[in-house]
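Chain residues, written in single-letter form:
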Amino acid sequence: MNDDDFNQMLKRAASALPGALPVSLEGSIMARVKSDDGRAKRWRSFVQWLMILAATSGVVTAGMVCWSMASRDTTHTTPPTMKLFREGLPK
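Only a predicted model underlies this, so the values are computations on that prediction, with no experimental measurement involved. (Residues numbered from 1 in each chain as written. Predicted model: local features only at pLDDT ≥ 70, side-chain atom pairs only at ≥ 80, totals over all residues. Heavy atoms only, no water.)

### Quick look at the overall build of the protein
Heads up, the rule is: Strands are runs of DSSP state E lasting at least two residues, helices are runs of H or I lasting at least four, and both sets are numbered from the N terminus onward. Note on exposure labels: buried denotes an accessible area under 20% of the residue type's maximum, exposed denotes more than 50%, and partly exposed covers the range between, all computed with a 1.4 Å probe on protein chains only. Residue burial considers only the protein chains on display, and all accessible areas are found by Shrake-Rupley using a 1.4 Å probe.
The helix and strand tally for the protein stands at 4 helices and 0 strands. Seen in sequence order, the protein has helices and strands lined up from the N terminus as α-α-α-α. The buried share among the 91 residues of the protein stands at 1%. Surface accessibility of the protein: about 9100 Å² in total, with carbon and sulfur atoms responsible for 66%.

### Regarding helix α1 (residues 3–15)
For clarity, the cut-off: Here the expected length of a helix is defined as 1.5 Å per residue gap, with one fewer gap than residues. We call two N or O atoms a polar contact when they sit within 3.5 Å, provided that within protein one can donate a hydrogen and the other can accept it, with sequence-adjacent residues counted only if both atoms are side-chain atoms.
Relative to the 18 Å expected for 13 residues at 1.5 Å per residue, α1 spans 18 Å between its end C-alpha atoms, a close match to the ideal helical length. Counted residue by residue, α1 has 0 buried out of 13 residues, so it is predominantly exposed. N-capping of α1 is provided by N2, with a side-chain oxygen placed 3.3 Å from the backbone N of D4.

Pasting the structure below:
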């Protein structure tokens, strides 16, 4: 199969009419779609919980990183050396 044959096959497939559903099946599907909002509510709840858990885990992770960095910081564990003690008494 060359490119021309492939392109013709794709054009025929794109222009072909879709198979129609039986009328009885289409009516029952549409009735169910119009009346079923439980799936949308479940998805909305799932996405909300996912966002809440992502935000919570982000805050917890940031807190753990900050605590870890602060516990390893030695800046405030030793007092700064004062000029008075390094040079002795002023003359």
